[in-house]
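Fold and geometry: a report
Here is how the chains run, residue by residue.
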Amino acid sequence: MNKKNAIIIGIIGLVLLIYFSSLNNTKPKDSSYYLTSPWVTERVDWYFLQLPEKWTENFSEIEKGKEKYKEICNEVHIYEMNLNDFHFMCTYMDAKQGVYENWDLDKSANAILNQVLYNLKCKDIKVEKLPPFDNYEEINYTASSNCSPKKYKAKMKGIRYKNHILLASVYYIDSDENFEKIAQRIMDKIENKYAEIENVKN
């Protein structure tokens, strides 16, 4: 198994552990509340994200995978935010030299989306890449499927700026139109400030 495949498999495993450990912590607020409520800005390094509620860092999952991450990362953070039938996950990695140059965001996105939806008992999974199609440092995906008892959809954005890798995804029931709006707003509001910081330094 080469290093790229090992990295992708490791990330999938951690994402799944986070997802299934979080299902018991959902909050029973109505989704419409989040269309008008104040959102919060979260930051990991120089990536900024807008979320309907504060996220929490999952230190236990980082601890479980610390030996694997030591091989590929200088630093790693895993965050989650859970509403009722709506789950957000974010992994940030400061990847080591020799790893980040070969990082394949498309493989990461496809593997994570397919595996999470499969474990949600989804079938007939359809993963679709969105524009930009020829940008290997930023990718956007949507996924749809048939699930039981709840039918889930997903969105994912992946960004790599040099050694700084961000993978953010949301999973939500497709019967709630509000969740579609909330998910899209989260994806649209992810900001990469690294270029601005480098311009200031120069």
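For the structure, see preceding data.
First, a word on scope: everything that follows refers to the structure included in this document. Throughout this description, residue numbers start from 1 for each chain and increase along the sequence as written. Residues qualify for local features only when their pLDDT is at least 70, as the model is predicted, and side-chain atom pairs are given and counted only at 80 or more; totals for whole chains, interfaces and linings, by contrast, use all residues. Only hydrogens and water are removed before side-chain values are computed, so all heavy atoms of the structure are retained for them.

Examining the packing of aromatic side chains
Side-chain rings of Phe, Tyr and Trp, where Trp is taken by its six-membered ring, are said to pair if the distance between their centres is within 6.5 Å; with planes under 30 degrees apart they count as stacked, over 60 as edge-to-face, and otherwise as tilted. A complete count under the given rule lists nine aromatic pairs for this structure. For the ring pair Trp46 and Phe48, a centre distance of 6.2 Å and an interplane angle of 55° mean the geometry is tilted. Seen from their ring centres, Tyr161 and Tyr194 are 5.5 Å apart, and the 10° between their planes marks the pair as stacked. Note that Tyr161 is positioned in strand 8 (residues 152-161) and Tyr194 in helix 7 (residues 194-201), a separation of 33 residues in sequence. Pair check on accessibility: Tyr161 and Tyr194 agree, each one buried. Taken together, the ring pairs in this structure connect Tyr47, Tyr92, Tyr161 and Tyr194 into an aromatic cluster. If you follow Arg43 out to its NZ or CZ, it ends over the ring of Trp46, 3.9 Å from the centre. The ring of Trp39 carries Arg185 above its face, with NZ or CZ at 3.7 Å from the centroid. Put simply, DSSP H or I for four residues or longer makes a helix, DSSP E for two residues or longer makes a strand, and each gets a number counted from the N terminus. Relative accessibility thresholds used throughout: buried, under 20% of the residue-type maximum; exposed, over 50%; partly exposed, between the two (1.4 Å probe, protein chains only). Remark: a charge is flagged as sitting over a ring if the NZ atom of Lys or the CZ atom of Arg is within 6 Å of the ring centre and within 35 degrees of the ring normal.

Some thoughts on the state of the cysteines
Note that a disulfide, as used here, is simply two cysteine sulfur atoms within 2.5 Å. Applying the stated criterion across every chain, the model contains one disulfide. Between the sulfur atoms of Cys122 and its disulfide mate Cys147 the distance is 1.8 Å. Disulfide Cys122-Cys147: torsion about the S-S bond near 90°, hence right-handed. Placement of the pair is Cys122 in strand 6 (residues 122-130) and Cys147 in strand 7 (residues 138-147), with a sequence separation of 25 residues. Overall, Cys147 belongs to the buried group, its relative accessible area being 15%.

Concerning the environment of Val44
Inspection of the secondary structure puts Val44 in strand 1 (residues 40-44). Sequence separation between Val44 and Val76 is 32 residues; the distance between their C-alpha atoms is 9.9 Å. Every residue pair with non-hydrogen atoms within 4.5 Å of one another is taken to be in contact. Beyond its immediate stretch of four places on either side in the chain, Val44 contacts Leu49, Trp55, His77, Tyr79, Tyr92 and Leu166.

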